[in-house]
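Structure assessment
Letter by letter, the chains look like this.
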Amino acid sequence: AFHCQVPCGIFADKMRIDMLMEDCATIEKAMTMIETIEGAEGLNRNQMVRWIMTKEEHAAGIQETVASYWLAQRIKAPADRTDAAAMTKYYTQLELMHGITVSAMKSKQTIDSSHLARIRDLAKQFSATYFSEEDQKHLAEHTFGE
């Protein structure tokens with residue numbers, strides 16, 4: 001389940017990026033399995049449907065996390081709208097998260113893993129705008145099938 005929107009002040013930002021990367025690995029596995037099943041003799045429709053559903057669920061999970069966690073709770077407009085650097089950072093973070101959710105949508109529509117590569121790349125770019133160097137090192141230690 002996703003983090004509630006009660007203002008409890010408990011956030012696990014690094015975990016959310018790890019979960020996004022894990023979702024990408026699961027979607028990639030599902031795409032591979034869909035291709036394998038499509039090419040196999042005696043097509044197993046049940047397994048195909050299950051892998052498609054798995055792919056859909058994890059892509060939807062990425063979209064939900066972006067919308068309900070990052071956009072609704074963590075990415076905040078600067079109080080001082082005249083601070084050009086803070087506004088640039090804010091707009092960059094919005095653009096990166098938008099790109100992630102669009103690529104998640106595209107990964108639902110196809111079995112083209114380039115959309116997952118884009119999600120991973122955008123998540124790394126976002127992490128560079130959001131996390132400290134130490135936190136970025138922690139995140140870099142987790143590859144999740146990349």
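Attention here is on the structure that accompanies the text. (Residues numbered from 1 in each chain as written. Predicted model: local features only at pLDDT ≥ 70, side-chain atom pairs only at ≥ 80, totals over all residues. Heavy atoms only, no water.)

Any two side chains of opposite charge can pair, on the condition that their charged atoms come close. The final tally for this structure, using the stated rule, is three salt bridges. One salt bridge in this structure joins aspartate 13 and arginine 74, with 3.0 Å as the shortest N-O distance. You can see aspartate 13 sitting in helix 1 (residues 13–39) and its partner arginine 74 sitting in helix 2 (residues 45–74), a full 61 residues away along the chain. The salt bridge involving arginine 120 is made with glutamate 28; its shortest N-O contact spans 3.2 Å. Taken together, the residues span a long stretch of sequence, with arginine 120 in helix 4 (residues 114–130) and glutamate 28 in helix 1 at a distance of 92 residues. In this structure glutamate 28 comes out as partly exposed when scored by relative accessible area, which is 24%. (Salt bridge = Lys/Arg side-chain N within 4 Å of Asp/Glu carboxyl O. Helix = DSSP H or I, 4+ residues; strand = E, 2+ residues; numbered from the N terminus. Buried < 20%, exposed > 50% of the residue type's maximum accessible area, 1.4 Å probe, protein only.)

Take it as geometry only, folks, not as evidence of what the structure does.
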